[in-house]
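Close look at the chain arrangement
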Amino acid sequence: MASASEALQKAARSPRVRPHTDADRIALLPRTTADVDVESVSLRYLTSAGIRAGVRLRPAQARALEALRVHGGLLGPIGTGHGKSLITLLAGSAAGAQRPLLLIPANMRVPLTNERTKFSEHWKLTPNLKVVSYSELSIERGASLLEEYAPDLIIADEAHNLRHLTSARTKRLIRYFQENPEVRFAALSGTLTARSVKDYAHLAELALRDGSPLPLERFDLEGWSRLIDADQEPQPSDWLLFQALLPQWRNLGAERRVLARKAFSERLNATPGVVATSDASVGASLLYEEIAVPYCETTRKHIKELEKVWARPDGEELPDAMSVARVGKQLSAGFYYRWVWPDGIPDMDWLTARNRWNAWVRSTLLRGNPDLDSPLRIRNALEAGRLVDNRGIALLRTWQGQEQKPEPAVEPVWFSDVLIRRAVEWAVSKLEDGTGGIVWYYDRAVGERLAQYGLPLYDAERDAPVTWDEAPVFAASITAHGTGKNLQPWAHNLVLSWPASGSTAEQLISRTHRAGQQADEVYVDYVAHTRYLKHALFQSQRDARYIENSLGTPQRLCYGSWVNGPVDDEELPTRPEA
């Protein structure tokens, strides 16, 4: 029998398979299974009281802690209801970290404090865990926060808050890892991606380094993005960048993008250090139903005028379709915003320069140049001389002379309470039948209007109730309470402004459709009486299908039952009428 040294020498002489593309590297990564001994992993972190009480980790929790302990990093697209909070509180112990740091959204501080108190009796929580909010990392004094504490493990809960590479928080995090490559990273989120693999490729690299199941080279990542993403169209050459995972792509027809997503999902979920959930953790059924809203002629007229001239009712010019959609959803609720001028005197120089610049930007966008597809890209092209347009240059110079002035405040102008009264009627019916419910809103003006009608209001300044008795029915801000809150005492929801993002919608719905829900059914009622609300609904469903296919994580928008049937796309107007 050959000795160990002889075997090593033979292996060194043997030719090695070297990856030629990122896809080759990814295809050659080891594969792991979801099997883990939950009992033995649980005992590693239980206190004596916990052992006596017979509590145990959930399978996803055990897998995540083992992945972090064994592989030194964790990429965790773990759905709501699988216990991410306990994972984050035990992660420092699993990794043997001396200075672990946990990043969370600011609105999760109170829930996390409650969770630490609840778990402390049964679990050996990391005693030296420092908790920092993403907003703290974003502000000016957050620039030196990481360097001063010098964490050796960073845990990012709701890691989709680090999705954007251009944000200050993400730049600071990446810079810290570049300067301290030995630091380990764990990223957890039930909505790791919104519409692109680029949302989390950098997080996968920070967590798993060369073991990332996503391309490390930017060129390759762009090609994968066009193949897999929700709103992209692939180029023929992109398939060459992916063929190590789908060798038979040349022989496939229209179904090959679906198969590409499936191949990627399987590779992702078998990668060491990746822990994704694929089972539904909630026993309650999930039902969606559109509720009728009475017809309002004033709302119809304002929306028709918006689509004709791309301007708010107060005359403010809107530069792009995104702005039109935002105002369209506000008009759908029965209001719009207008400027509030000091002493009631408009600054006509500022207003005229802004409106004329926005109108020119809008007309440029409508030409359909792919290199000029946003107001910022148009402005950058003008300033760099790549776009030569004398009128545009003149308008930009005029606006540059005014844009440093402080923007005036805005106030809502209500022209119809039809939707508000319908929402209050819904809330009263839930109160009377004893079920209770939550009215979800987006714009602050809508929340304040609901409060004027007597509905308890929970916005950014007031934390959501914990028990049903505190507020059987109430209005809640999607921005403030649509993530990180445990609202399973309620099983009825009414969404007044449906999120256009599938990941945002998933987070919102999982506030009540989550582990611990005692009702047999969770109801998500919604309004869709205008094309702007219908389009947001359609876009969120499209996003959900991409997320489910690419991550293998079931999405509530996909497996819930739609009482009114599937939603059809209604395109927003592409240009104002002449």
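All figures in this text were calculated on a predicted structure; none of them were measured in a lab. (Residues numbered from 1 in each chain as written. Predicted model: local features only at pLDDT ≥ 70, side-chain atom pairs only at ≥ 80, totals over all residues. Heavy atoms only, no water.)

A word on the packing of aromatic side chains
The following threshold applies: Aromatic rings from Phe, Tyr and Trp, taking only the six-membered ring of Trp, are treated as a pair when their centres fall within 6.5 Å; an angle between ring planes under 30 degrees marks them as stacked, one over 60 as edge-to-face, and anything in between as tilted. Comment: elements are numbered from the N terminus, with helices defined as DSSP H or I runs of at least four residues and strands as E runs of at least two. Buried, partly exposed and exposed residues are distinguished by accessible area as a fraction of the type maximum, computed with a 1.4 Å probe on protein chains only: under 20%, between the cut-offs, and over 50%, respectively. Charge-over-ring contacts are defined here by two conditions on Lys NZ or Arg CZ: a distance within 6 Å of the ring centre and an angle within 35 degrees of the ring normal.
Counted by the stated rule, this structure contains 19 aromatic pairs. Centroid distance Tyr 288 to Trp 498: 6.3 Å. Interplanar angle 65°. Geometry classified as edge-to-face. With Tyr 288 in strand 6 (residues 285-290) and Trp 498 in the loop between strand 12 (492-495) and helix 23 (502-509), this residue pair connects regions lying 210 residues apart in the sequence. Both residues of the pair, Tyr 288 and Trp 498, count as buried. Through successive ring pairs, a cluster of aromatic residues spans Tyr 288, Trp 498, Tyr 526 and Trp 562. One residue, Arg 312, lies across the ring of Trp 339, its end atom 5.1 Å from the ring centre.

Re the pattern of salt bridges
What counts, and what does not: Should a side-chain nitrogen of Lys or Arg be within 4 Å of a carboxyl oxygen of Asp or Glu, the pair is scored as a salt bridge.
The tally for this structure, following the rule as stated, stands at 27 salt bridges. Taking the shortest distance from any N to any O, the salt bridge between Asp 417 and Arg 449 comes out at 3.1 Å. You can see Asp 417 sitting in the loop between strand 8 (409-414) and helix 20 (418-432) and its partner Arg 449 sitting in helix 21 (residues 444-452), a full 32 residues away along the chain. Since its relative accessible area comes to 11%, Asp 417 is described here as buried. Through salt bridges that share partners, Arg 44, Glu 66 and Arg 69 make up one connected network.

Thoughts on the pairing of strand 6
Going by this rule: Only when DSSP finds a minimum of two bridges between them are two strands counted as paired.
Two strands pair when backbone bridges link them, and strand 6 and strand 13 (residues 521-526) are joined in this way by 6 bridges, in the parallel orientation. Bridge assignment links Leu 286 to a residue of strand 13, and that residue is Val 522. Sheet analysis places strand 6 next to strand 14 (residues 561-562), joined by 2 bridges and oriented parallel. Opposite Tyr 288, over in strand 14, you have Trp 562 as the bridge partner.

Focus: the sheet that holds strand 5 (residues 184-188)
Quick reminder of the rule: Whenever a helix is involved, its axis is fitted only over the stretch in contact; in every case the axis is a line through C-alpha atoms, and angles between N-to-C directions fall within 0 to 180 degrees.
With respect to topology, 5 strands assemble into an open sheet ordered 1-5-4-2-3, the strand pairing being parallel. A single partner strand is all that each edge strand has here, and the edge strands are strand 1 (74-76) and strand 3 (130-133). Put simply, the sheet's adjacent strands are angled 15° from each other on average, direction ignored.

Digging into the sheet that holds strand 12
Selection criterion: Every residue pair with non-hydrogen atoms within 4.5 Å of one another is taken to be in contact.
Spatially, 10-11-9-12-13-6-14 is the arrangement adopted by the 7 strands of the open sheet, whose pairing is parallel. Of all the strands in the sheet, the pair left with one neighbour each is strand 10 (457-458) and strand 14. Helix-sheet contacts for helix 20 involve strand 9 (437-441), strand 11 (473-477), strand 12 and strand 13, and the interaxial angle to strand 9 is about 160°. Running at roughly 140° to strand 9, helix 21 makes contact with strand 9, strand 10 and strand 11 of the sheet.

Details of the nonpolar core
How we decide: Throughout, nonpolar core names a set of buried Ala, Val, Leu, Ile, Met, Phe, Trp, Tyr and Cys residues whose side chains join them through atoms within 4.5 Å.
The biggest cluster of nonpolar side chains holds 51 residues, and the ones touching the most others in it are Ile 154, Phe 185, Tyr 200 and Trp 224. With 6 residues, the single largest contributor to this core is helix 11 (residues 201-208). Not counting the four nearest positions on each side in its chain, Tyr 200 is found in contact with Leu 75, Leu 192, Thr 193, Leu 214, Phe 264, Leu 268 and Leu 551. By size, the runner-up hydrophobic cluster in this structure holds 33 residues, among which are Ala 64, Ile 87, Phe 119 and Ile 155.

Concerning the packing of helix 15 (residues 297-309) against helix 16 (residues 321-333)
Stated formally: Angle categories are assigned with fixed cut-offs, so that under 35 degrees is roughly parallel, over 145 is roughly antiparallel, 65 to 115 is roughly perpendicular, and the rest are oblique. Under the convention adopted here, Pro, Cys and the residues Ala, Val, Leu, Ile, Met, Phe, Trp and Tyr are nonpolar, Asp, Glu, Lys and Arg are charged, and Gly plus all remaining residues are polar.
Their axes nearest at 9 Å, the elements helix 15 and helix 16 cross at an angle of 170°. In terms of axis orientation, helix 15 runs roughly antiparallel to helix 16. Every residue of helix 16 that contacts helix 15 at Thr 299, His 302, Ile 303 and Leu 306 is listed here: Val 324, Val 327, Gly 328, Leu 331 and Ser 332. Looking at the contact of helix 15 with helix 16 residue by residue, the class counts come to 5 nonpolar, 4 polar and no charged.

A few points about unusual backbone geometry
At Ala 150, a position not held by glycine, the phi torsion is positive, near 55°. Inspection of the secondary structure assignment puts Ala 150 in the loop between helix 9 (145-149) and strand 4 (153-157). The backbone of Glu 158 shows a phi angle near 50°, a positive value even though the residue is not glycine.

Details of the environment of Thr 467
Locating Thr 467 in the fold gives a position in the loop between strand 10 and strand 11. Residues Thr 467 and Gln 488, spaced 21 residues apart in sequence, show a C-alpha to C-alpha distance of 9.1 Å.

Here's the deal with the side chain of Thr 47
In this fold, Thr 47 is placed in the loop between helix 3 (38-45) and helix 4 (48-53). Look at Thr 47 and you get buried, because its relative accessible area is 16%.

Topic: helix 24 (residues 531-551)
Note the following rule: A helix is expected to reach a length of 1.5 Å times the quantity of its residues less one.
Across its 21 residues, helix 24 extends 30 Å between first and last C-alpha, which sits within 8% of the 30 Å expected from 1.5 Å per residue. Counting buried residues in helix 24 gives 15 out of 21 residues, a clear majority hidden from the surface. A positive phi of about 75° marks Gly 552, the residue just after helix 24.

Some thoughts on the confidence of the model for the chain
Operational definition: Values of pLDDT, the confidence the predictor places in each residue, fall between 0 and 100.
Per-residue confidence for the chain gives a mean pLDDT of 89; residues scoring 70 or more make up 94%. Counted against residues more than four places away or in other chains, residues 1-5, with its pLDDT under 50, gives 0 contacts. Low pLDDT, under 50, characterises residues 7-17; the predicted model gives this stretch 1 contact beyond four residues in sequence or across chains.

Brief notes about the packing of helix 16 against helix 24
Running from N to C, helix 16 and helix 24 cross one another at 120°; their axes reach a closest spacing of 8 Å. Looking at the two axes, helix 16 sits oblique to helix 24. For the pair helix 16 and helix 24, contact is made by Val 324, Ala 325, Gly 328, Lys 329 and Ser 332 and by Tyr 532, Leu 533 and Ala 536, respectively. Here the contact of helix 16 with helix 24 is built from residues that sort into 5 nonpolar, 2 polar and 1 charged.

With respect to the side chain of Ser 196
Secondary-structure assignment places Ser 196 in the loop between strand 5 and helix 11. In contact with Ser 196, other than residues within four places in its own chain, are Ser 225, Asp 229 and Tyr 546.

Let's talk about helix 5 (residues 59-71)
Over its 13 residues, helix 5 runs 18 Å from end to end, which matches the ideal 18 Å to within 8%, given 1.5 Å per residue. Among all positions in helix 5, only Ala 60, Gln 61, Ala 62, Arg 63, Ala 64, Leu 65, Glu 66, Ala 67 and Leu 68 are buried. On its buried side, helix 5 packs onto helix 3, strand 1, helix 6 (84-95), strand 4 and strand 5. With its phi angle positive at about 80°, Gly 72 sits one or two positions after the end of helix 5.

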